[in-house]
Amino acid sequence: MKFVVSSTELLARLQSVSRVISSKNSLPILDNFLFILKDGNLSITASDLETTLKTSMMIENVAEEGEITVPAKLLVDSLREFSDQPLEFKTNDTTSILDITWATGNAKLPFTTAEDYPSIAEIDENATTVAINSHILLEGINRTLYATAEEELRPVMNGIYFDIDNSSATLVASDAHKLVCYTRNDIKSESRSSFILPKKPSSVLKNILGKGDEEVVIRFDSRNATFVFESFNLVCRLVEGNYPAYKSVIPKNNTNKLIINRLDFLNSARRVAVCSNQASSQVRLKLTYNTLTLSAQDLDFSISANENLICQYEGDNMEIAFKSTFLIEILTNLPYTDISLELSDPSRAALILAAGPVDPQEEILALLMPMMVNA
């Protein structure tokens, strides 16, 4: 293998795919990048067996093609120190050394043959195919990923659930305390289909998806999914199992309705939460006509805080408590100027929705379970 490539262009590709590599791989060869140079195209692959990310770039100056694997961390750390300049890569099959040469010096790195590198999982021929705009997919992941769980006993909760039918597509995430649904009415499928995308590939997509209007083609069967866009191809193992019936836990008749500026509510919750009990992180909300009072206390340290906010509230006088970290997470991740907090009683889940004009093709719904109000 022998070719010349731009240092910054190669580094950008390597940094993107290196996100997949695990710190503790079961196979030593998974600590390497797979390089395949053929017909002027260099494909770079990284994998942890569960998730595989492949990217490609055109190489204009190719003297010899080939396939090798190169230590990932060593190569990325080396390229970080270069300004933008051409680098010549040349392999010596006798010594298994990769020689990298630039204008003022050179470096030698070990490489191995590509034959032992694991193959990418194949998607079934009858797999479901859905196309989603990259900006919309990125927005959906950003709005839901934070709500996923970390549960060994219920792995289905540890990912984003894609629920697609002939009228809409909904991305769902929940940890049993909070639930977020991101729905798009402009994404549809001929038949009902669904899959659970694990947290790691979700995070990888969040970091490499562009904010433009390119199309992401998603193909998935019962075990694996592939996301193809720009010069990337992400293949991952899906979470197997049935996702809980999330629609059944969303309350329908919440008659008590609070409308408030999201940032005012968020900043107030952050200030008051400082004085909450460290174990419970409880913040109380006292609702009266057009007034919201937030309060928190920690009797062990004799600290407390409260703050009054002007709002629009229609409903019964009520006092309800939430875990402040969950409330702050939801308020931070909603994009709206004003939000509507809809309640039925202090023991039932609260709905947090947009208040005011929104994109008719998009809906973000958050559900938060209350805590028992401390005496």
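In what follows, the structure referred to is the one given above.
A short tour of the structure in this document, coming up. (Residues numbered from 1 in each chain as written. Predicted model: local features only at pLDDT ≥ 70, side-chain atom pairs only at ≥ 80, totals over all residues. Heavy atoms only, no water.)

Examining the environment of isoleucine 330
Put simply, the rule is: Numbering of helices and strands runs from the N terminus; a helix is a DSSP stretch of H or I covering at least four residues, while a strand is a stretch of E covering at least two. We call two residues in contact whenever any of their non-hydrogen atoms come within 4.5 Å of each other.
Structurally, isoleucine 330 can be placed in helix 6 (residues 324-333). For isoleucine 330 and leucine 367, which are 37 residues apart along the polypeptide, the C-alpha to C-alpha distance reads 8.9 Å. Contact partners of isoleucine 330, with chain neighbours within four places excluded, come to Tyr146, Lys178, Ile352, Ala366, Leu367 and Leu368.

Details of the pairing of strand 27 (residues 362-368)
Worth spelling out the cut-off: Whether a residue is buried, partly exposed or exposed follows from its accessible area with a 1.4 Å probe, protein chains only, as a fraction of its type maximum: under 20%, in between, or over 50%, in that order. Paired strands are those between which DSSP finds at least two bridges.
For strand 27, the buried fraction is high: six of the seven residues fall into the buried class. Where strand 14 (residues 178-184) lies against strand 27, seven bridges are found, and the strand directions are antiparallel. Of the residues in strand 27, the one forming a bridge with cysteine 181 is leucine 365. When strand 26 (residues 350-354) meets strand 27, the two strands line up antiparallel, connected through three bridges. Following the sheet pairing, leucine 351 is matched in strand 27 by leucine 367.

Observations concerning the pairing of strand 14
Counting buried positions along strand 14 gives seven out of seven residues, so the element sits mostly inside the fold. Burial along strand 14 is two-sided: the residues Lys178, Val180, Tyr182 and Arg184 and Leu179, Cys181 and Thr183 are all buried. Relative to strand 14, strand 13 (residues 169-174) runs antiparallel, the two sharing six bridges. Across the sheet, the residue bridging to threonine 170 is threonine 183, located in strand 14. Following strand 13, the chain reverses through three residues before pairing antiparallel with strand 14; alanine 176 in that reversal takes a positive phi of roughly 80°.

Points about the packing of helix 1 (residues 7-17) against helix 2 (residues 72-79)
The test is simple: Orientation is described by axes fitted as lines to C-alpha atoms, over the contacting stretch for helices, and by angles from 0 to 180 degrees between their N-to-C directions. In these notes the angle categories are as follows: under 35 degrees is roughly parallel, over 145 is roughly antiparallel, 65 to 115 is roughly perpendicular, and the rest is oblique. Here a crossing is taken to be left-handed if its near helix is turned anticlockwise relative to the far helix by less than a right angle, and right-handed if that turn runs clockwise.
The N-to-C vectors of helix 1 and helix 2 enclose an angle of 140°; their axes lie 10 Å apart at closest approach. Comparing their axes, helix 2 and helix 1 come out oblique. You can see that helix 1 and helix 2 cross each other, and the crossing is left-handed. On helix 2, the residues touching Leu10, Leu11, Leu14 and Gln15 of helix 1 are Leu75, Val76 and Leu79.

Some remarks on the side chain of serine 340
Mapped onto the fold, serine 340 is located in strand 25 (residues 338-343). A relative accessible area of 2% places serine 340 in the buried class. Apart from the residues within four sequence positions on either side, serine 340 is in contact with Lys257, Leu258, Ile259, Leu351, Ile352, Leu353, Ala354 and Ala355.

Describing the nonpolar core
The condition is simple: Among buried residues, those of type Ala, Val, Leu, Ile, Met, Phe, Trp, Tyr and Cys that are joined through side-chain atoms within 4.5 Å constitute a nonpolar core.
In terms of nonpolar packing, the biggest core is built from 101 residues, with Phe33, Phe35, Leu75, Phe227 and Leu292 touching the most fellow members. Not counting chain neighbours up to four residues away, the residues in contact with leucine 75 comprise Leu14, Phe33, Phe35, Val70, Phe89, Ile100 and Leu109. Ranked by size, the runner-up nonpolar core spans 17 residues in total, among them Met157, Tyr161, Tyr243 and Leu365.

A short note on the environment of asparagine 277
The cut-off we apply is this: Contacts described as polar in this section are N or O atom pairs within 3.5 Å, which, within protein, must combine one atom able to donate a hydrogen with one able to accept it, while residues neighboring in sequence count only if both atoms come from side chains.
Inspection of the secondary structure puts asparagine 277 in the loop between helix 5 (262-273) and strand 20 (282-288). The sequence separation of asparagine 277 and isoleucine 339 amounts to 62 residues, and the corresponding C-alpha distance is 27 Å. Apart from the residues within four sequence positions on either side, asparagine 277 is in contact with Gln282, Gln297, Asp298 and Asp300. Among the polar contacts listed, one links the side chain of asparagine 277 to the backbone nitrogen of alanine 279, at a separation of 2.8 Å. Reaching out from asparagine 277, the side chain makes a polar contact with the side chain of aspartate 298 at a distance of 3.5 Å.

Brief notes about the sheet that holds strand 20
Read across the open sheet, the four strands follow the order 22-21-20-24; overall the sheet is antiparallel. Strands at the two margins of the open sheet, each flanked by one partner only, are strand 22 (303-310) and strand 24 (318-323). The average angle at which neighbouring strand axes cross in this sheet is 20°, direction not considered. When strand 21 (residues 291-298) meets strand 22, the two strands line up antiparallel, connected through eight bridges. Looking at strand 22, one finds that threonine 291 is bridged to isoleucine 310. Across the sheet, helix 5 lies against strand 20, strand 21 and strand 22, angled at about 165° from strand 22, the strand it touches most.

Overview of the pattern of salt bridges
The cut-off we apply is this: Each salt bridge in this description consists of a side-chain nitrogen of Lys or Arg and a carboxyl oxygen of Asp or Glu lying within 4 Å of one another.
Enumeration according to the criterion identifies 17 salt bridges in this entry. A salt bridge links aspartate 99 to lysine 108, with the nearest nitrogen and oxygen atoms 3.4 Å apart. Judged by relative accessible area, which is 55%, lysine 108 ranks as exposed. With a shortest N-O distance of 3.1 Å, glutamate 329 and lysine 178 are connected by a salt bridge. A residue pair is termed long-range when its members are at least 10 positions apart, and glutamate 329 in helix 6 and lysine 178 in strand 14 qualify at 151 residues. Looking at lysine 178, the relative accessible area reads 3%, which means it is buried. Each of the salt bridges in this network shares a partner with another, and the network as a whole consists of Arg184, Asp186, Asp359 and Glu362.

Observations regarding the sheet that holds strand 7 (residues 86-92)
The five strands lie next to each other as 5-1-7-8-9, forming an open sheet whose pairing is antiparallel. Bordering the open sheet on either side are strand 5 (61-64) and strand 9 (105-110), each of which pairs with just one other strand. The sheet shows a mean angle of 20° between the axes of neighbouring strands, direction not considered. In this structure, strand 7 lies alongside strand 8 (residues 97-102), joined through five bridges in antiparallel fashion. Counterpart to asparagine 92 in the pairing with strand 8 is isoleucine 97. Each of strand 1 (2-6) and strand 7 is contacted by helix 1, which is oriented at about 90° to strand 1, the strand it contacts most. Of the strands in this sheet, strand 7, strand 8 and strand 9 touch helix 2, which is tilted by about 165° from strand 9.

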